[in-house]
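The lines below spell out each chain.
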There are 2 protein chains.
Amino acid sequence: MQSYTEENYLKVIYHLSEISHPVQTNAIAERIQTKAASVTDMIKKLSEKELVHYVKYQGVTLTEKGKLTAINIVRKHRLWEVFLVDKLNFKWDEVHEVAEELEHIQSNLLIERLDEFLDFPKVDPHGDPIPDKHGNFAEMTFVKLSKLKNGDKGNITGVSEHSSPFLKHLEKLGLTLGKRVEVVDVVEFDGSVELLLEQEKLNISREVAKHILITKN
Amino acid sequence: MQSYTEENYLKVIYHLSEISHPVQTNAIAERIQTKAASVTDMIKKLSEKELVHYVKYQGVTLTEKGKLTAINIVRKHRLWEVFLVDKLNFKWDEVHEVAEELEHIQSNLLIERLDEFLDFPKVDPHGDPIPDKHGNFAEMTFVKLSKLKNGDKGNITGVSEHSSPFLKHLEKLGLTLGKRVEVVDVVEFDGSVELLLEQEKLNISREVAKHILITKN
DNA sequence: GATTATTTTTAGATTTGTCTAAATTAATAG
DNA sequence: CTATTAATTTAGACAAATCTAAAAATAATC
Ligand SMILES: [Mn+2]
Ligand SMILES: [Mn+2]
Ligand SMILES: [Mn+2]
Ligand SMILES: [Mn+2]
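Let me begin by describing the structure that accompanies this report. None of these values were measured; they are calculated from a predicted model. (Residues numbered from 1 in each chain as written. Chains lettered and ligands numbered in written order. Predicted model: local features only at pLDDT ≥ 70, side-chain atom pairs only at ≥ 80, totals over all residues. Heavy atoms only, no water.)

Quick notes on the protein's contact with DNA strand C
Under the convention used in this document: Put simply, a residue is near a molecule or strand once any heavy atom of it comes within 4 Å of that molecule or strand. Counting of polar contacts relies on pairs of N or O atoms within 3.5 Å, with two restrictions inside protein: one atom must be capable of donating a hydrogen and the other of accepting it, and residues adjacent in sequence are counted only when both atoms are side-chain atoms. Elements are defined by DSSP. Helices are runs of H or I of four residues or more, strands are runs of E of two residues or more, and each kind is numbered from the N terminus. As a working rule, the residues Ala, Val, Leu, Ile, Met, Phe, Trp, Tyr, Cys and Pro are called nonpolar, Asp, Glu, Lys and Arg charged, and the rest polar, with Gly in that last group.
As a matter of local geometry, DNA strand C sits amid 21 residues, with A:K44, A:Y54, B:S3, B:T34 and B:K45 nearest to it. Here B:S3 contributes a side-chain N or O atom positioned 2.6 Å from a phosphate oxygen of DNA strand C. Residue B:S38 places a side-chain N or O atom 2.7 Å away from a phosphate oxygen belonging to DNA strand C. Elements that contribute at least two residues to the surface near DNA strand C include exactly α2 (25–32) and α3 (36–48) of chain A together with α1 (4–17) and α3 (36–48) of chain B. With five residues, α3(B) is the single largest residue contributor to the surface near DNA strand C. For the surface near DNA strand C, the per-class residue count stands at eight nonpolar, eight polar and five charged.

Shown next as structure tokens:
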């Protein structure tokens, strides 16, 4: 059994592992909104508990045990996000903060029943995959919209940025999950993208395009 | 904003206030599973924050601010219990522990939406009243089954004991919320009660009868 | 390869909530 | 009204998680 705080560290290390191996102290500190010294202390504790593998001055990687724990927290986070959107009519930009709290509720029965109640969803409101109770993810085949060429078509199946301003912006443009888009032109000058969305033309910045995930077809 | 721990103290003081005024240190210690010395420390802190009124060696009472905070936690606890039973098919003896955790989730939007999703329930799965968002309770007119006389009739509308063994026992006997019962005889020797429940005769101990709440009619 | 600059770790302190043991106050009994 | 008992509070310590400031290790630069 881990504390609320330990769980947050494990989750952050898990997410950062997708970017760098091993994960650096400063990177964790920034994500968790704390100081490097505090991170070092906590890393030692997690290392004691064999949840992470730690080499001084090098960084940390999750052990198998640590990884499973982290994935379970991610599972809970994403299931709660689905609950908030599907059942309580939250918008996709309103769910993250609340899920940050709900993900730490302990009961296994609760989470399995919730999964069932939600009809075993495979992705959360941002298109992120929801692992099953054994920690297995369904394979996802995303491409960043910014990587598409003229004439490429596909559906929006995810976003890689979860901030409320970004999500509200997409909402306003009509670029929500499931929508079909076609790339008309990638402007050479600034990398912005001309899109066709349901017959309508639309220009989005490269910055926005980088955070929209497309399944081509 | 109060910590998880402070919220638990306030809730316990609130419940104990129904029994004694002011609430004693030892009573709190027993409920919260801690030592009297720890309670004294916390009481001082809550007193600093003007959540309780404290007189050394006498005990504590909630201030208006403390009472409202406590009632809000009770509201959240009971709404989550309804959610678990009505939506996730938990049994009435399985919900309390999980609700002890869920009651500390912060979002107001969450709890108002949950209330709406559950269709504004007035009582929780144990028949306890759910206060509205302003802290107002609907009036309840319970009588302990153990106080009824021969020939009295009514419906089970609550229980005053929430332990799993007790609730499972009632479940097995068929004495669940809403059921109609009639007192056939109160046995003088041991105070046990002969009941009529849906044409069937049934004998329950005085101890059990004391924790069943009846609305006479 | 020596010299900076950056990153990370240690040392020592702080806050929150808890504990044990001792001291104090209040309640009860003779 | 004094003696004993029970309840409560204080004193001092501890674990968890954090911080600042200083030291140490690593990386980058000349
Ligand atoms: Mn999220
Ligand atoms: Mn998400
Ligand atoms: Mn309960
Ligand atoms: Mn209840």
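A short note on the packing of aromatic side chains
What counts, and what does not: Two aromatic rings from Phe, Tyr or Trp, using only the six-membered ring of Trp, form a pair when their centres are within 6.5 Å; if the ring planes differ by under 30 degrees the pair is stacked, by over 60 it is edge-to-face, and anything between is tilted. Think of it in three bands: residues with accessible area under 20% of the maximum for their type are buried, residues over 50% are exposed, and the middle band is partly exposed, with areas taken using a 1.4 Å probe on protein chains only.
Counted by the stated rule, this structure contains seven aromatic pairs over all chains. Ring plane angle 80 degrees and centroid distance 6.3 Å describe the contact between A:F117 and B:F83, whose orientation is recorded as edge-to-face. A residue pair is termed interchain when its members come from two chains, as with A:F117 in helix α6 (residues 108–117) and B:F83 in helix α4 (residues 64–86). On the accessibility criterion, A:F117 (22% relative accessible area) is partly exposed. Taking relative accessible area as the criterion, B:F83 reaches 0% and is therefore assigned buried. Judged by centre distance (5.6 Å) and plane angle (80 degrees), the rings of B:W80 and B:F83 are edge-to-face. Taken as a pair, B:W80 and B:F83 lie in helix α4 at a separation of three residues, close to a single helical turn. Three or more aromatic residues joined by ring pairs make a cluster, and in this case those are A:W80, A:F83, A:F117, B:W80, B:F83 and B:F117.

Function cannot be read off these values alone, since they describe shape.
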